[in-house]
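Results of the structural survey
Each chain, written out:
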Amino acid sequence: AQSVSQHNHHVILSEAASLELGCNYSYGGTVNLFWYVQYPGQHLQLLLKYFSGDPLVKGIKGFEAEFIKSKFSFNLRKPSVQWSDTAEYFCAVNAGDTGRRALTFGSGTRLQVQP
Amino acid sequence: SQTIHQWPATLVQPVGSPLSLECTVEGTSNPNLYWYRQAAGRGLQLLFYSVGIGQISSEVPQNLSASRPQDRQFILSSKKLLLSDSGFYLCAWSVIEGAGAFFGQGTRLTVV
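What counts as what
Residues numbered from 1 in each chain as written. Chains lettered and ligands numbered in written order. Predicted model: local features only at pLDDT ≥ 70, side-chain atom pairs only at ≥ 80, totals over all residues. Heavy atoms only, no water. Helix = DSSP H or I, 4+ residues; strand = E, 2+ residues; numbered from the N terminus. Rg over C-alpha atoms; globule rule 2.2 N^0.38 Å. Buried < 20%, exposed > 50% of the residue type's maximum accessible area, 1.4 Å probe, protein only. Contact = heavy atoms within 4.5 Å. Areas by Shrake-Rupley, 256 points an atom, 1.4 Å probe, with all protein chains shown as cover. Disulfide = S-S within 2.5 Å.

This next bit is on the overall build of chain B. For chain B, the helix and strand inventory stands at zero helices and 11 strands. In summary, chain B has a C-alpha radius of gyration of 13 Å against a globular reference of 13 Å for 112 residues, a match within 12%. Dimensions of chain B along its principal axes, counting C-alpha atoms only, are 40 × 30 × 25 Å. In chain B, buried positions account for 50% of the 112 residues. A fraction of 53% describes how many contacts in chain B between residues 6 or more apart in sequence connect residues 24 or more apart. Only carbon and sulfur atoms are counted for the fraction: they give 54% of the accessible area of chain B, which is about 5,200 Å².

Before going further, it helps to spend a moment on the state of the cysteines. Residues and elements named next belong to chain A. Within the structure shown, the criterion is met by two disulfides over all chains. The disulfide partner of Cys-23 is Cys-91, and the gap between their sulfur atoms is 1.9 Å. Where Cys-23 bonds to Cys-91 through sulfur, the torsion about that S-S bond is close to -65°, and the disulfide is left-handed. Taken together, the residues span a long stretch of sequence, with Cys-23 in the loop between strand 3 (19-21) and strand 4 (24-26) and Cys-91 in strand 10 (residues 87-95) at a distance of 68 residues. In this pair, the class of Cys-23 matches that of Cys-91, namely buried.

Structure representation (structure tokens):
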């Protein structure tokens, strides 16, 4: 079974600072990787995803993530955060070599951007 | 376009009472459907998933059950709620491999 670790539970940044949120997964087979965001009071939304091809994927709102297979990592980055990026971010994985498609989530990282 | 409806948004129930949370999806056929629970500081835990009508897989042993009486309807139930059932419950659907899942607004359940 797969598992996901997000080591940063709470991150506080000032506007314009750069962001990198760590995500590591454990699974020996092919994986699909996702980052979801949950803004205060809103439902989970897909930020970006990787399932094949270029390991550097770009998502909405200037976010990107890089899949490094040798490190089992899929870190989320943004060069300059805004106050509106304050939210909780979840990394998720599903096994690409099964038809199950259910996502396994990390525990989430709460990002607080101060103006 | 596809939409997912989940209700109610909030629910307060006494211990020992029954539970029924409903989720419906529109605009797609034969989706995979999921129930997750989100506990504070613990991320999302998969409770049940379904690949078709009447087909339910349970991920963790618990006081809850799920049913899929129609293609786009997924119900989470309990006969007798426990205090530990309190949490935020999310329904989700997916169709295409690699496309991720789409989530409903969630139900915040408080068992008192």
